[in-house]
Amino acid sequence: MPRIAYFGPQGTFTEQAALRFGAELVPVDTIQLAIASVRKGETEFACVPIENSVEGAVPATLDALVRDEPVVAVAETVLDVRFSVLVRPGTTEIKTIASHPHALAQVREWIADSLPGVTSIATSSTAAAAAAVERGEFDAAVTAPVAVHHYKLDEYATDVLDVADARTRFLLLRRPGSLPEPTGADRTSVVVTTPNRVGVLSELLTELALRGINLTGLESRPTKGKLGEYRFYIDVEGHIAEPRIGDALAALHRHSREIRFLGSFPKADHEPVEARNDEFAAAATWVDAVRKGERG
Ligand SMILES: O=C(O)C(=O)Cc1ccccc1
């Protein structure tokens, strides 16, 4: 059975996401370690959070995707997230509350209203916070609902969330290999490093717009080199096997100093993508015929 290294420990939202892919799950303590497990061949897959609807992209994932050998996404899944606040049995006073930064950010108002004066502490994951509370390091943890079944803690509060319908997207990553078949409802992700010149980002985006390609995500992250130098993570609707997507990625390659393909895979919502590949296929056929002297 294939194995998935997931951002753990047991009881994280990422574990809930990984369970959907039906494989043997291996918890690891950081996003970087989960992806490294794939790069080292210890597990075939890794499951990590990539973005959420309140706090945006997960920086640790973006950075880990461009470090070392390439990995590609072959699937995604989206979880509706609601949080629990867990405490040790018998807790009467909460002075410290811990969790993953993206969890703390999604319950910031609840904490201010319900636990005024409490100190919030960032931990590597929501479940790491639960384990730390169990060890007596903090008074409370903001966790996934399932965490209460993994740690000797009680529910102080449940269904905690500042913004209704918050959702987090997770990727299933693998070493590069055969791509998932196009489904007509796909997403393609790339990350590009551009030369530092005026208008270069608009050149990239124009290459997509000219081909009628829908941009679904754009994030920038410092290259950790020169101040002001960024990588751009670009998500579009479509599959690299489609002529217009392949055409557009070739154009991005021409405009970029570096480019890394991060995957073409079915979107979690399975919403069909308005494809205009027939125009590109017809154009390629015409160019091919002209090159062969068959057409004027
Ligand atoms: O720490 C976790 O449980 C994770 O899986 C990362 C995360 C944190 C907050 C919201 C969604 C996912």
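Residues numbered from 1 in each chain as written. Predicted model: local features only at pLDDT ≥ 70, side-chain atom pairs only at ≥ 80, totals over all residues. Heavy atoms only, no water.

Visitor: Help me understand the site of the ligand, please; the structure alone is not making it clear to me.
Guide: Every residue close to the ligand is listed here: F7, T12, F13, T14, H100, A103, Q106, S125, T126 and T168. Residue F13 places a main-chain N or O atom 2.9 Å away from an oxygen atom belonging to the ligand. Taking T126, its side chain carries an N or O atom lying 2.5 Å from an oxygen atom of the ligand. Relative to its unbound accessible surface of 320 Å², the ligand loses 99% to contact with the protein. Using a 2 Å cut-off from the grid points, one finds that the ligand occupies the largest cavity. If you list the elements that add at least two residues to the shell around the ligand, you get helix 1 (13–19) and helix 4 (101–106). Residues belonging to the shell around the ligand are distributed by class as follows: three nonpolar, seven polar and no charged. (Near = heavy atom within 4 Å. Polar contact = N/O pair within 3.5 Å; in protein donor to acceptor, adjacent residues only side chain to side chain. Areas by Shrake-Rupley, 256 points an atom, 1.4 Å probe, with all protein chains shown as cover. 1 Å grid on protein atoms, 1.4 Å probe; cavity = no way out; pocket = protein on both sides within 12 Å on 5 of 7 lines; lining within 4 Å. Sits in = over half its atoms within 2 Å of the grid points. Helix = DSSP H or I, 4+ residues; strand = E, 2+ residues; numbered from the N terminus. Nonpolar A, V, L, I, M, F, W, Y, C, P; charged D, E, K, R; others polar.)

Visitor: How should I be thinking about the nonpolar core in this particular structure?
Guide: Nonpolar side chains in soluble globular proteins generally cluster together in the buried interior. Counting residues in hydrophobic clusters, the biggest one holds 33 residues, and the most contacted among them are F83, V85, I97, W110 and V142. Excluding residues within four positions of it along the chain, V142 makes contact with F83, S84, V85, I97, A98, S99, A103, L104, V107 and T126. Membership of the second largest hydrophobic core comes to 24 residues, among which are F7, A64, V71 and Y233. (Core = buried A, V, L, I, M, F, W, Y, C linked by side-chain atoms within 4.5 Å. Buried < 20%, exposed > 50% of the residue type's maximum accessible area, 1.4 Å probe, protein only. Contact = heavy atoms within 4.5 Å.)

Visitor: What is the right way to read the environment of E137 from this model?
Guide: Residue placement: E137 occurs in the loop between helix 6 (126–134) and strand 9 (140–143). Assessed through its relative accessible area of 45%, E137 is described here as partly exposed. In the structure, E137 is positioned 111 residues away from V26 in sequence and 25 Å away in space, judged by C-alpha atoms. Of note is the side chain of E137, whose polar atom sits 2.6 Å from the side chain of R135.

Visitor: Any chance you could explain empty space enclosed by the protein here in plain terms?
Guide: Using a probe with the size of a water molecule, rolled over the atoms, empty space left in the structure can be pinpointed. For the structure shown, the criterion picks out one cavity of 30 Å³ or more. One number sums up the size of the largest cavity: a volume of about 190 Å³. Residue lining of the largest cavity: 16 residues in total, with F13, P49, H100, H102 and T126 positioned closest to the centre. Only helix 1, strand 3 (45–52), helix 4 and strand 11 (167–174) provide two or more residues apiece to the lining of the largest cavity. With three residues, helix 4 is the single largest residue contributor to the lining of the largest cavity. Counted by class, the lining of the largest cavity contains eight nonpolar, eight polar and no charged residues. (Points joined across faces, edges and corners; volume = space filled by probe spheres on them.)

Visitor: Sorry, what's going on with the confidence of the model for the protein here?
Guide: One rule of thumb: low pLDDT means the predicted coordinates there are not for detailed reading. For the protein, per-residue confidence averages 94 on the pLDDT scale, and residues scoring 70 or more make up 100% of the total. Two numbers describe this predicted complex: its pTM, 0.91, and its ipTM, 0.96. (pLDDT = per-residue confidence, 0-100.)

Visitor: Is there a simple way to think about the side chain of D63 in this case?
Guide: Its location among the elements puts D63 in helix 3 (residues 59–66). For D63, a relative accessible area of 11% corresponds to the buried category. Within the structure, D63 has its side chain in polar contact with the side chain of R221 (distance 2.6 Å). Here K224 takes part through its side chain, which lies 3.0 Å from a polar atom of the side chain of D63.

Visitor: Please clarify how the side chain of T194 should be interpreted in this entry.
Guide: One can find T194 in the loop between strand 12 (186–193) and helix 7 (200–210). Using a relative accessible area of 6% as the deciding quantity, one classes T194 as buried. Dropping the residues within four chain positions of it, T194 is found in contact with V200, L204, Y230, F232 and R257.

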